[in-house]
Amino acid sequence: MRTLEDVETVGIVGAGTMGNGIAQVAATAGYDVVMRDIETEFVERGFDSIDSSLSRFVEKEKLSEAEADAARDRITGTTEFDDLAEADLVVEAAVENMSVKKDIFGDLDDLLAEDVVLATNTSTLSITSIAAATERPEHVVGLHFMNPVPVMKGVEVVRGELTNEAVVDLAHGFAESLEKETWESDDKPGFVTNRILMPWLNEGIRAYDEGVASKEDIDKGMTLGTNVPMGPLTLADHIGLDVCLHASETLYDELGDRYKPAYLLKRKVEAGELGKKSGSGFYDYE
């Protein structure tokens, strides 16, 4: 199996919010990155997000202009799956759908050298089930980055039933090389973060829907009362209400009634009010 010292090129499957964020932090850390998505439009949109994010880092003097330019130059965008063939580590950040992820991991297993580690950024789906689509389940691990990736300091490392200990160590080491801090979870529904976060978000939404307080006071009460950086309604908007609903539904199926999605969350998603990314959710972002 390849060690962290062997990792020079990182493949990213998916150029969306999470994928382009992971590509950015990997390139900033000095890795060569191949970012692949199914449409040129998606790849270009990913580069636009990376450019905007790097520009903000330069404005805040967290990166120099030269460092930002160097990070951009390390990222290659592509729609060709075969362009991932020389990657020393691949992180999948595609849509949160088990069938899609299994197809991707089956294809990666066929494409890549047998000692390459395959990581998934899934936030709720079973690492063990994803790994079963490959002939190398011991080389499959969860690397759950937090959104927005360039800003958030934490990465959740999730071990599947058959994940090799050396692979878990590599996952921790890789995340730490991106200047992240890690914690570890077993392969249980929702892992640590979403298992606890989703009921909190849903209860905040229910409190608003039931008239306990205004959305502003719910968020203010939680930020000042519990010292979190943002309240549940603001955070749900930033994550994406569709993402929150999908995660809640997955956990509801696995763990029962305490994870039942709030009715207002469903209604917002049905109305196309997905949060910050759509321009409106619980708050307006136009």
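Residues numbered from 1 in each chain as written. Predicted model: local features only at pLDDT ≥ 70, side-chain atom pairs only at ≥ 80, totals over all residues. Heavy atoms only, no water.

- Looking at an unreviewed UniProt entry, one finds the chain named 3-hydroxybutyryl-CoA dehydrogenase and attributed to Salinigranum rubrum.

A look at the UniProt feature "binding site: NAD(+)" (unreviewed entry) in the chain
Here's step 1: Mapped onto this structure's residue numbering, the UniProt feature "binding site: NAD(+)" (unreviewed entry) falls at Gly14, Ala15, Gly16, Thr17, Met18, Gly19, Asp37, Glu96, Lys101, Ser123, Asn147 and Lys277. A maximum C-alpha distance of 23.2 Å among these annotated residues, which run over 264 residues, shows that they spread across the structure rather than meeting at one spot.
Here's step 2: Residue placement: Gly14 occurs in the loop between strand S1 (9-13) and helix H1 (17-28).
Here's step 3: Residue Gly14 is classed as buried on the basis of its relative accessible area, which comes to 7%.
Here's step 4: Leaving out residues up to four positions away in the same chain, Gly14 has contacts with Gly19, Asn20, Met35, Arg36, Asp37 and Ala93.
Here's step 5: Counting through the fold element by element, Thr17 comes out in helix H1. (UniProt positions renumbered as here; feature names shortened; annotations may be inferred. Helix = DSSP H or I, 4+ residues; strand = E, 2+ residues; numbered from the N terminus. Buried < 20%, exposed > 50% of the residue type's maximum accessible area, 1.4 Å probe, protein only. Contact = heavy atoms within 4.5 Å.)

Things to note about the sheet that holds strand S4 (residues 89-92)
Here's step 1: One open sheet holds the 8 strands; their spatial order is S3-S2-S1-S4-S5-S6-S7-S8, and the pairing between them is mixed. If you trace the sheet from one side to the other, it starts and ends with strand S3 (75-78) and strand S8 (181-186), each paired once. Here the average twist between neighbouring strands, direction ignored, is 25°.
Here's step 2: Pairing analysis gives 4 bridges linking strand S2 (residues 32-36) to S3, with the strands arranged parallel. Residue pairing across strands places Val34 opposite Thr76, the latter belonging to S3.
Here's step 3: Those strands touched by helix H2 (residues 40-59) are S2 and S3, and its axis lies near 155° from that of S3.
Here's step 4: Each of S1, S4, strand S5 (117-120) and strand S6 (140-145) is contacted by helix H4 (residues 98-111), which is oriented at about 165° to S5, the strand it contacts most. (Pairing = 2+ DSSP bridges. Axes fitted to C-alpha atoms, helices over the stretch in contact; angles between N-to-C directions.)

Let's talk about the domain arrangement of the chain
Here's step 1: Here the chain is partitioned into domain 1 (4-186) and domain 2 (193-276).
Here's step 2: Measuring from the centre of the C-alpha atoms in domain 1 to the corresponding centre in domain 2 gives 27 Å.
Here's step 3: Listed by partner, the interface residues are 9 residues for domain 1 and 7 residues for domain 2.
Here's step 4: Taking both partners together, domain 1 and domain 2 bury about 560 Å²; carbon and sulfur atoms supply 53% of that area.
Here's step 5: Between the two partners, domain 1 and domain 2, sit 0 salt bridges.
Here's step 6: Here domain 1 and domain 2 share 3 residue pairs in polar contact (both at pLDDT 80 or more) between them.
Here's step 7: Tallied by class, residues from the side of domain 1 that touches domain 2 come to 3 nonpolar, 4 polar and 2 charged. (Domains from an automatic or database assignment. Buried area = accessible area lost by both parts, 1.4 Å probe. Salt bridge = Lys/Arg side-chain N within 4 Å of Asp/Glu carboxyl O. Polar contact = N/O pair within 3.5 Å; in protein donor to acceptor, adjacent residues only side chain to side chain. Nonpolar A, V, L, I, M, F, W, Y, C, P; charged D, E, K, R; others polar.)

What to know about the UniProt feature "domain: 3-hydroxyacyl-CoA dehydrogenase NAD binding" (unreviewed entry) in the chain
Here's step 1: Look at the UniProt record and you will see "domain: 3-hydroxyacyl-CoA dehydrogenase NAD binding" (unreviewed entry) annotated at residues 9-182.
Here's step 2: Across residues 9-182, the secondary structure splits into 42% helix and 21% strand, with the terminal C-alpha atoms separated by 21 Å.

Here's the deal with helix H8 (residues 215-226)
Here's step 1: The end-to-end C-alpha separation of H8 is 16 Å, in line with the 16 Å expected for 12 residues at 1.5 Å each.
Here's step 2: Of all the residues in H8, the buried ones are Lys215, Ile218 and Asp219. Down the axis, H8 shows its buried residues gathered within 95° of arc, on one side only. Seen from the buried face of H8, the exposed residues on the opposite side, beyond 90 degrees, are Lys220, Leu224 and Gly225.
Here's step 3: Considering only its buried residues, H8 is in contact with helix H7 (193-209) and helix H9 (232-239).
Here's step 4: Just downstream of H8 lies Asn227, where phi reads positive at about 65°. (Expected span 1.5 Å × (residues − 1). Arc of directions from axis to C-beta.)

Here we look at helix H6 (residues 165-177)
Here's step 1: Here H6 contains 13 residues, and its C-alpha end-to-end distance of 18 Å stays within 8% of the 18 Å for a straight helix at 1.5 Å per residue.
Here's step 2: By the burial criterion, the buried members of H6 are Val167, Val168, Leu170, Ala171, His172, Gly173, Phe174 and Ala175.
Here's step 3: Turning to H6, the residues buried within the fold contact S1, S4, S5, S6, strand S7 (154-159) and S8.
Here's step 4: One side-chain oxygen of the residue at the start of H6 lies 2.6 Å from the amide nitrogen of Ala166, identifying that residue as Asn164.
Here's step 5: Count one or two residues on from H6 and you reach Glu179, which has phi positive near 65°.

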